[in-house]
Amino acid sequence: MQVLTIRDALNQALREELLRDENVFIMGEEVAEYDGAYKVTRGLWKEFGDKRVIDSPITELGFAGLGVGAAMAGLRPVIEFMTWNFSILAADQIINHAAKMLYMSGGEFNVPIVFRGPNGSAYQVSSQHSQALEAMYANFPGLKVVMPSSAADAKGLLKSSIRDNNPVIFMEQETMYGMKGEVPDDEDFTIPLGVADVKREGTDCTIVARSFTVPQALQAAEKIKEEFDVSVEVIDPRTIKPLDIDTIITSVKKTNRVVIAEESHSFASVGAEISHQIMENAFDYLDAPVKRVSTAEAPNPYARNLELAALPSVDKIIAAVKEVCYL
Amino acid sequence: MPKAATRQKAEIKPRSAKTSTNGNRSKKAPVNPTELAVETAKAEFEQRKRSQQAEIKKTDKTLLREMLYQMVLGRVFEERCAEVYRMGKIGGFCHLYIGQEAIGVGSIMALRESDYVLTSYRDHVQAMIKGITPEGVMAELYGKEGGCVGGKGGSMHMFSKELGFFGGHGIVGGQIGVGTGMAFAQKYKGTDDVTLCFFGEAAVNQGIFHESLNMAQLWKLPCIYICENNRYGMGTSQARAMSISNIAKKGESYGMANEFVDGMDVMAVRSATLRAIERARKDGSPTLLEVRAYRYMGHSMSDPGNYRTRDEIKKHQERDPILLFQESLKAAKVMTEKEFEKIRQEAIEATEKAIKFSEESPFPSEDVLLTDVFA
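Residues numbered from 1 in each chain as written. Chains lettered and ligands numbered in written order. Predicted model: local features only at pLDDT ≥ 70, side-chain atom pairs only at ≥ 80, totals over all residues.

What to know about the overall build of chain B
Helix and strand content of chain B: 15 helices and eight strands. Compactness check: chain B gives a C-alpha radius of gyration of 20 Å against a globular reference of 21 Å for 375 residues, within 12% of the reference. When the backbone C-alpha atoms are referred to their principal axes, chain B occupies close to 70 × 50 × 40 Å. Among the 375 residues that make up chain B, the fraction classed as buried is 53%. In chain B, 76% of the contacts between residues at least 6 apart in sequence involve partners at least 24 apart. (Helix = DSSP H or I, 4+ residues; strand = E, 2+ residues; numbered from the N terminus. Rg over C-alpha atoms; globule rule 2.2 N^0.38 Å. Buried ≥ 20, exposed ≤ 12 C-beta atoms within 10 Å, placed from the backbone. Contact = placed C-beta atoms within 7 Å.)

Printed below as a string of structure tokens:
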């Protein structure tokens, strides 16, 4: 098996899908000649040329709309937002158009499009560049929301997203692009959307984490094992919508304790939804209230110490696990 | 005969000689601005009639007949929509196209079948011109199973993939981005097909208009942007909402071919569209057409219309696009009053058939509530 960074795993997925299907094209700001703001599309323009890899003007609403129309007319656009923060300018095309087209056309027009880019915080990029927006997009029927946390997941899920016949919100994490992991060599390696992954097995407490918080949760689990001999299970849903709640419930029934770690703000978050579904499906199995670790309820600050104070961390996750385990 | 049809007949009857080209009358000084405006409209009508005749003589008679039929069908159908809406048969919003028929007919009927069309929420008539049946449109308005999208879309969301009708879109200007992408796909696939993308003049103030035109010209996308300037964005006149009045010229900002067209003149709309199509098929060049018409009815059925006067509406009705086309066809000796009446009867029959179909069609089964969310 090859060892790749998440960045290169995404790049490989894009390249293979461009090769596989003539209808796939990539559009976004700096995706072509500049090789991508975060180098995810590195080398693709040189290999595939102007037709398939297209630098757009800084015009998020415009190129998101163009992607929706192109998808309705039979193409498979991969639209890159330099970061998901900028997708807010394009929200009308994503939410009002892509998400609803199939339904309001009575099944006539599906929109096979991937919107992708980094989500959440980076390193001290302040309030307007540090938002984790998955809860917003997950709220709209018609959109799938995918958040990989490893190189293999990034590749397998991106390939599935491009092949999916629906609009997919594909959220990466800037600080994780350099993380390495094993990735299967097979060009047809895909991971189905809607299937959670047990990243670490355990018996005493479940941490449900996604994207940014998965590596943190795994570190926290390791430390807790060493320090308290408590066995923590870490579950990564990988796809927020559709959500594989069954895997989470199975784990909760085994461990009876849950911490949900997420990079978004806590109010009306995906963690709130998961917590509610656990209550509905496994209320009698809980030995403690579900605990959430989220980003502080303030716009993300610039100062390093303030940013660290705002974001989830290994220590905050450990503290939450101790709380639900009464340690 | 149904009530709406009777009323309709009065609306598009030919003007008598006395009110059209009476020499004595034109010498008399108008007494007030409204009268002056009406006189001007009448003079324009006569000018248009002459120019239309020239175009008519160059056009196939079968096509001319079909064009008139589609315009009259649009008018009769929409009048009937207003009636059944008031009876509570149609829910939600209902935006009528009455007064703007020449735009849809003049442009869409200049296309070939494989070309694409999409428009705003004022979409009933364009959907029919592109080929969706009156039954399919009316039953959709009724929210019935027999509607073109099975009752899930309603008035604002008519679609047909087979016919290349890409909707019916409810967000002002939203379809301009989508249409640009459809044209992108047409070029990407190596076809010489084109997209007609309709929107109202108020949509021009949205960012998506400017973002789309910039990309279309930059990348030479075969999209023909048709701004149907019906003078009002809901209840706000263009003058109260736009810093300049010449919308066609906004194309210049992007280096895009542009043209101003009289939207009451179906042949002028057709000619301008044909010129735009030729450019688009040749090398993908887009065009911005500003087609000025007038919305006779309110923005939607719930519009009280207190922002304009009856005189203003009357002035524009003096240049009614159907009346103008019929007068020109008659003057060019291509069609007769008798044929106009036959066409009107056909339109009434088609509309009544659509009403009957819609009344009889069942409501959609609740089983479909959760279908078509994901493909």
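That was the structure; now back to the text.
Overview of the sheet that holds strand E7 (residues 257–262) of chain B
Strand pairing in a sheet is mediated by backbone hydrogen bonds. Such pairs are either parallel or antiparallel. All names here are of chain B. Reading across from one edge, E2-E1-E3-E4-E8-E7 is the order of the six strands in this open sheet, with parallel pairing throughout. Strand pairing shows two members of the sheet lacking a second neighbour, strand E2 (165–168) and E7, which therefore form its edges. This sheet shows a mean twist of 15° between the axes of neighbouring strands, independent of strand direction. In this structure, strand E3 (residues 195–200) lies alongside strand E4 (residues 223–229), joined through six bridges in parallel fashion. The residue of E4 that forms the bridge with Leu 196 is Ile 224. (Pairing = 2+ DSSP bridges. Axes fitted to C-alpha atoms, helices over the stretch in contact; angles between N-to-C directions.)

Some thoughts on the interface of chain A and chain B
With 31 residues of chain A at the contact, the number on the chain B side is 32 residues. Secondary structure elements with two or more residues in the side of chain A that touches chain B: helix H3 (60–72), helix H4 (91–98) and helix H5 (101–104) of chain A. For the side of chain A that touches chain B, the element with the most residues is H3(A), which contributes nine residues. Residue composition of the side of chain A that touches chain B, grouped by class: 13 nonpolar, 16 polar and two charged. (Nonpolar A, V, L, I, M, F, W, Y, C, P; charged D, E, K, R; others polar.)

Comments concerning helix H12 (residues 266–283) of chain B
For H12(B), which comprises 18 residues, the first-to-last C-alpha distance of 26 Å matches the rise-based estimate of 26 Å (1.5 Å per residue) to within 8%. Once H12(B) finishes, B:Gly284 follows within two positions and takes phi at roughly 85°, a positive value. (Expected span 1.5 Å × (residues − 1).)

Quick notes on the domain arrangement of chain A
Residues and elements named next belong to chain A. Domain assignment breaks chain A into domain 1 (2–183) and domain 2 (197–324). Only helix H6 (134–138), strand E6 (144–146), helix H7 (151–163) and strand E7 (168–173) provide two or more residues apiece to the side of domain 1 that touches domain 2. Taken together, the residues of the side of domain 1 that touches domain 2 sort by class into twelve nonpolar, nine polar and three charged. (Domains from an automatic or database assignment.)

Let's talk about the pairing of strand E8 (residues 287–292) of chain B
Residue and element names in this part refer to chain B. For E8, a buried count of five out of six residues is recorded, marking the element as mostly surrounded by other parts of the structure. Of the strand pairs in this sheet, E7 and E8 are connected by six bridges, and their pairing is parallel. The residue of E8 that forms the bridge with Asn 258 is Leu 288. The β-α-β motif built from E7, the intervening H12 and the parallel element E8 has right-handed crossover chirality. (Right-handed = clockwise from strand over helix to strand, strands pointing away.)

Re the pairing of strand E11 (residues 232–236) of chain A
All names here are of chain A. Most of E11 is tucked away: five of the five residues are buried. Side chains Val 232, Val 234 and Asp 236 of E11 all project onto a buried face; the interleaved residues Glu 233 and Ile 235 project onto the opposite face, where all are buried too. Two strands pair when backbone bridges link them, and strand E10 (residues 205–209) and E11 are joined in this way by four bridges, in the parallel orientation. Residue Thr 206 lies in a different strand from E11, and its bridge partner there is Glu 233. Handedness of the crossover joining E10 and E11 through helix H8 (residues 213–228): right-handed.

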